[in-house]
Amino acid sequence: MTVVDTARMPVTVSADDPAYTAAPPPWTLEGSGVVLLFGRPADSVLERWVPESLHAAYVGGPAALMLVDYVSSPAGPYRELLFVPGRFRVAGGVRPIITRIVVSTWESVANGRLNWAIPKETAEFKTDRTSRAQRWEVSQGTDRLAEISVTGRGPAFPVTTALLPGAWTTVAQPRNEDFLLTSLASRGRCRVGRCDAIALGPSAFPDLAPARPGLTLVVERFQMKFPVPVVV
C-alpha cells in the first residue's frame, strides 16, 4: 500500500529555510475564493494523501478543495490551494484536517507551519478572472497541481460560520504527539457556482477525478479570523 510520506507534511521551519517575519496569532484575513465539495475520496487518494497514522481515525467526507486569494493578512497577500479529505476522530472530537496545502509566499508557509501546524509548501499561481468566471492554474516546479475553472451563478447571499457546528469549523492539525485545534470564524458573501473544468495532480496533488464536485461555492468576499490554537 502506498502511503503519504509524512515528510511531505512539514510543520516546522529549519535554519536552512529562507528568512521570514514572524506573525503570531490571532490573524484576521480578507479575500475571496472558491470552495469545491466532493463525496468520500477514493481509497487510493486516502492511502496516498492521508498520513498512515491517521488512517484508522478517518470518519468520512465530504472532501473539500479550496482556492483562496487573500488580499490582506498579517503575512501579506497570498494565494492558496488546499485539500481536506474529510473528518477524523482525533483528540478533541471529530474534526477536519488539512493534509495537503500550497501557498504563493514563504511568509505564509513559515507562519502557517509554526502558528497552526498547517503543512504548507510554496507553489506558483496564475489566475484569470472576469466578472463571474475565473480560472486558476497552480503548479510546483514542473508538476501541475491543478487547473480549475468556475463560474458564479445566481444571486449572492451572506454566509457565516456561526451557523455551522464546531465539528465543521474547528480544524485539527497534528503536531508531534499533539493536535492543534483552531476554531475558524468567517463571514462574507458568496453565490452558488458551476465547475466548468477541473484537472488535478495526480503526482503532486490529490486527484479526485473522475468525480465532479457536488457543490461549488464562489466566495466573492470574506473576512476570516484564525485564533491562537488550543493544544490537546
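Only a predicted model underlies this, so the values are computations on that prediction, with no experimental measurement involved. (Residues numbered from 1 in each chain as written. Predicted model: local features only at pLDDT ≥ 70, side-chain atom pairs only at ≥ 80, totals over all residues. Heavy atoms only, no water.)

Undergrad: Help me understand the pairing of strand S1 (residues 27–38) in this model?
TA: Two faces, one strand: in a regular strand the side chains alternate between the faces of the sheet. Counted residue by residue, S1 has 9 buried out of 12 residues, so it is predominantly covered. Bridging between S1 and strand S16 (residues 215–226) involves 10 bridges; their strand directions are antiparallel. Note on S16: the bridge partner recorded for Leu36 is Thr216. In this structure, S1 lies alongside strand S3 (residues 63–72), joined through 9 bridges in antiparallel fashion. (Buried < 20%, exposed > 50% of the residue type's maximum accessible area, 1.4 Å probe, protein only. Helix = DSSP H or I, 4+ residues; strand = E, 2+ residues; numbered from the N terminus. Pairing = 2+ DSSP bridges.)

Undergrad: Looking at this structure, I do not really get the sheet that holds strand S13 (residues 170–175). What am I missing?
TA: The strands making up a sheet associate through backbone hydrogen bonding, with each pair oriented either parallel or antiparallel. Reading across from one edge, S13-S14-S17 is the order of the 3 strands in this open sheet, with antiparallel pairing throughout. Edge positions in the sheet fall to S13 and strand S17 (230–231), since each of these pairs with one other strand and no more. Relative to strand S14 (residues 178–183), S13 runs antiparallel, the two being bridged by 6 bridges. Along S14, the bridge assignment pairs Gln173 with Leu180.

Undergrad: Is there a simple way to explain the sheet that holds strand S2 (residues 58–60) in this structure?
TA: Taken together, the 3 strands give an open sheet; going across it, the order is S2-S5-S6, and neighbouring strands pair in antiparallel fashion. Both edges of this open sheet fall to S2 and strand S6 (93–96), since each of them pairs with a single strand only. The mean angle between the axes of side-by-side strands here comes to 35°, regardless of whether they run parallel or antiparallel. Bridge count for S2 against strand S5 (residues 87–90) is 2 bridges, and the pairing is antiparallel. When the bridges of S5 are listed, Tyr58 appears paired with Phe88. (Axes fitted to C-alpha atoms, helices over the stretch in contact; angles between N-to-C directions.)

Undergrad: Please explain the side chain of Thr151 as it appears in this structure.
TA: Looking at the element boundaries, Thr151 is found in strand S11 (residues 143–152). A polar contact is formed between the side chain of Thr151 and the side chain of Asp196, at a distance of 2.6 Å. Residue contacts for Thr151: discarding those within four places in its chain leaves Arg132, Ala133, Gly193, Arg194, Asp196 and Val218. (Polar contact = N/O pair within 3.5 Å; in protein donor to acceptor, adjacent residues only side chain to side chain. Contact = heavy atoms within 4.5 Å.)

Undergrad: What is the right way to read helix H2 (residues 106–116) from this model?
TA: Residue pairs spaced three or four apart in an α-helix point in one direction, given the helix's 3.6 residues per turn. For H2, a buried count of 9 out of 11 residues is recorded, marking the element as mostly surrounded by other parts of the structure. Taken residue by residue, H2 has Trp106, Ser108, Val109, Ala110, Asn111, Gly112, Arg113, Asn115 and Trp116 as its buried positions.

Undergrad: Would you take a moment to explain the packing of aromatic side chains for this structure?
TA: Two numbers describe a pair of aromatic rings. These are the distance of the centres and the angle of the planes. A full pass over the atoms with the stated rule returns 6 aromatic pairs. Each ring, one from Trp27 and one from Trp116, has its centre 5.0 Å from the other, and the planes form 85°; the classification is edge-to-face. Taken together, the residues Trp27 in strand S1 and Trp116 in helix H2 connect sequence positions 89 residues apart. The buried category is assigned to Trp116, whose relative accessible area is 2%. Ring centres of Tyr58 and Phe88 lie 5.3 Å apart, and the angle between their planes is 65°; this geometry places the pair in the edge-to-face category. You can see Tyr58 sitting in strand S2 and its partner Phe88 sitting in strand S5, a full 30 residues away along the chain. For the pair Tyr58 and Phe88, a shared accessibility class is recorded, and that class is buried. Joined through ring pairs, the aromatic side chains of Trp27, Trp116 and Phe226 make up one cluster. The aromatic ring of Trp168 is capped on one face by Arg87, whose charged end is 4.1 Å from the ring centroid. (Phe/Tyr/Trp six-rings, centres within 6.5 Å; stacked < 30°, edge-to-face > 60°. Lys NZ or Arg CZ within 6 Å of the ring centre and 35° of its normal.)

All quantities given are derived from atomic positions and should not be read as evidence of function.
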